[in-house]
Amino acid sequence: MRFLLDAEQRAFAQSLDAMLGAADTAAAVRDWSRGDRARGWALWSRIADAGVFALAVPEKYEGLGPRPVELAVAFVELGRHAVPGPLVETVAAAALLLDPGPAERFLAALASGRSAATVAREGSYALDGDAVTLRLALGADGLRLAPGHGPVRASLDPARRLTRLLPGGELLTSAPAMDRALRWARLATAAQALGVGLALLERTVAHVGRRVQFGAPIGSFQAVKHRLADVKIALEFARPLVLGAAVTMTAADVAAAKASAGEAAYAGARAALQLHGAIGYTAEHDLSLWLTKARALRTAWGTPDECRAEVLRAHGQVLSRSPWR
């Protein structure tokens, strides 16, 4: 099945691509990894002004949504340009905070970009807990406003800084919509991973067209063509799954999209690393910004096995453990 974006959606994607392409996102990512967030927050504000976060917030709370298809379109571009920050977590927070009280307090600020959020199990690691204004902890008694965070820990992706959320804090709701939040988070992660994979493929194709061995560009070698063709096919199979999941927003469809896009991006990362050669292993090369992100997104908000188990459950098969636990 083919999912074609309409003219407005294509224009939205193109405007984001142009805006992010004009920004020095690589520098913003490197600064963010060091804890210097000035460039990252400036970029965050521009993304919010474009309406990206508002797509996850209902209109009654000053948002534009919920509009999951447009959100998926936006997150493909965010992944393509390796934008740092708790992008997915802010979307998940918007899905968790739909009870009237919390919604009135927090959603308008999330939609406008004045606030950013992270979400995690109480006492577990949260993404960018040291940077955000809103820390949401899921505990046995519901959703709490975490009072703080622990020390920053490094992760596989240097731009994904991890901290533990401290226990306690104000109880926002005793019945958070965890299933809804998980669907939105997985959709955004899948779209982001798809964008990362597309960027890796584009960069690798350009590289193999320039790199010469035995008097010819290595991109002309059949083995290289086959490797890149496999990545291209994987990404093109993932794309309709992501867009289809954005249309249906069922748990199984979103899980299938997440597994497919994550695996496709990871395959793209492995191919990119091999075909770039030794330079691909260096953190100084910009390729590393996408390589590490592809690996991290593959397991964020549910591993491939957990997502496949979700699909199996929809068909009456055995369910694995929840990614919230």
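Treat the numbers as computed from the prediction; the structure is a model and nothing was measured. (Residues numbered from 1 in each chain as written. Predicted model: local features only at pLDDT ≥ 70, side-chain atom pairs only at ≥ 80, totals over all residues. Heavy atoms only, no water.)

K.L.:
Describe the overall build of the protein chain, and please don't skip the residues or the numbers.
P.N.:
Counting secondary structure elements, the protein chain contains 11 helices and 8 strands. Against the 2.2 N^0.38 benchmark of 20 Å for 325 residues, the protein chain shows a C-alpha radius of gyration of 19 Å, consistent with a compact globule. For the C-alpha atoms alone, the extent of the protein chain along its principal axes is close to 65 × 45 × 40 Å. Looking at the protein chain as a whole, 54% of its 325 residues are labelled buried. Considering only contacts in the protein chain between residues 6 or more positions apart, those separated by 24 or more positions represent 69%. (Helix = DSSP H or I, 4+ residues; strand = E, 2+ residues; numbered from the N terminus. Rg over C-alpha atoms; globule rule 2.2 N^0.38 Å. Buried < 20%, exposed > 50% of the residue type's maximum accessible area, 1.4 Å probe, protein only. Contact = heavy atoms within 4.5 Å.)

K.L.:
Lay out the side chain of D157 with the relevant residues and their values.
P.N.:
If you trace the backbone, D157 turns up in the loop between β4 (142-145) and β5 (162-164). A residue is classified by how much of its surface remains accessible, and D157, at 2% relative accessible area, is buried. Those residues in contact with D157, other than ones at most four positions away along the chain, are T292, K293 and A296.

K.L.:
Explain the pattern of salt bridges to me, and be specific about the residues and the numbers.
P.N.:
Applying the stated rule across the entire model yields 16 salt bridges. Among the salt bridges present, the one from R37 reaches D130, with a minimum N-O distance of 2.5 Å. With R37 in the loop between α2 (25-33) and α3 (38-49) and D130 in the loop between β2 (125-127) and β3 (134-139), this residue pair connects regions lying 93 residues apart in the sequence. The salt bridge involving R144 is made with D141; its shortest N-O contact spans 2.6 Å. Residue class for R144 comes out buried when judged on its relative accessible area of 19%. Among the residues examined, D141 registers a relative accessible area of 34% and is labelled partly exposed. It is possible to trace a salt-bridge network through shared partners that takes in E263, R298, D305 and R308. (Salt bridge = Lys/Arg side-chain N within 4 Å of Asp/Glu carboxyl O.)

K.L.:
I'd like to hear about the confidence of the model for the protein chain, residue by residue, with values.
P.N.:
Taken over all residues, the pLDDT of the protein chain has a mean of 93, while the share at 70 or more is 97%. The least confident element of the protein chain is strand β7 (residues 212-213), whose mean pLDDT is 88; the most confident is helix α4 (residues 68-80), at 98. (pLDDT = per-residue confidence, 0-100.)

K.L.:
Tell me what's going on with helix α9 (residues 251-276), and back it up with residues and numbers.
P.N.:
Between its terminal C-alpha atoms α9 stretches 37 Å, which fits the 38 Å expected from 26 residues at 1.5 Å a residue. Just downstream of α9 lies G277, where phi reads positive at about 75 degrees. (Expected span 1.5 Å × (residues − 1).)

K.L.:
Break down the pairing of strand β1 (residues 117-121) for me, citing the residues and quoting the values.
P.N.:
With 4 of its 5 residues buried, β1 lies for the most part within the structure. When β1 meets β3, the two strands line up parallel, connected through 5 bridges. Bridging across to β3, T118 finds its partner in R135. (Pairing = 2+ DSSP bridges.)

K.L.:
Run through α4, naming residues and quoting values.
P.N.:
Its 13 residues give α4 an end-to-end C-alpha distance of 18 Å, which sits within 8% of 18 Å, the value for a rise of 1.5 Å per residue. In this structure, the buried side of α4 is in contact with α1 (7-22), α3, α5 (87-96), α7 (178-210), α8 (222-248) and α10 (287-299).

K.L.:
Requested: an account of unusual backbone geometry, with residues and values cited.
P.N.:
The omega torsion of the bond from G65 to P66 falls at 5 degrees, within 30 degrees of zero and hence cis. Tracing the backbone shows P66 in the loop between α3 and α4. Not every positive phi belongs to a glycine, and F214 is a case in point at roughly 55 degrees. Topologically, F214 is positioned in the loop between β7 and β8 (216-217). Residue F214 is classed as exposed on the basis of its relative accessible area, which comes to 81%. At M249, a residue that is not glycine, the phi angle is positive and equals roughly 55 degrees. One can find M249 in the loop between α8 and α9.

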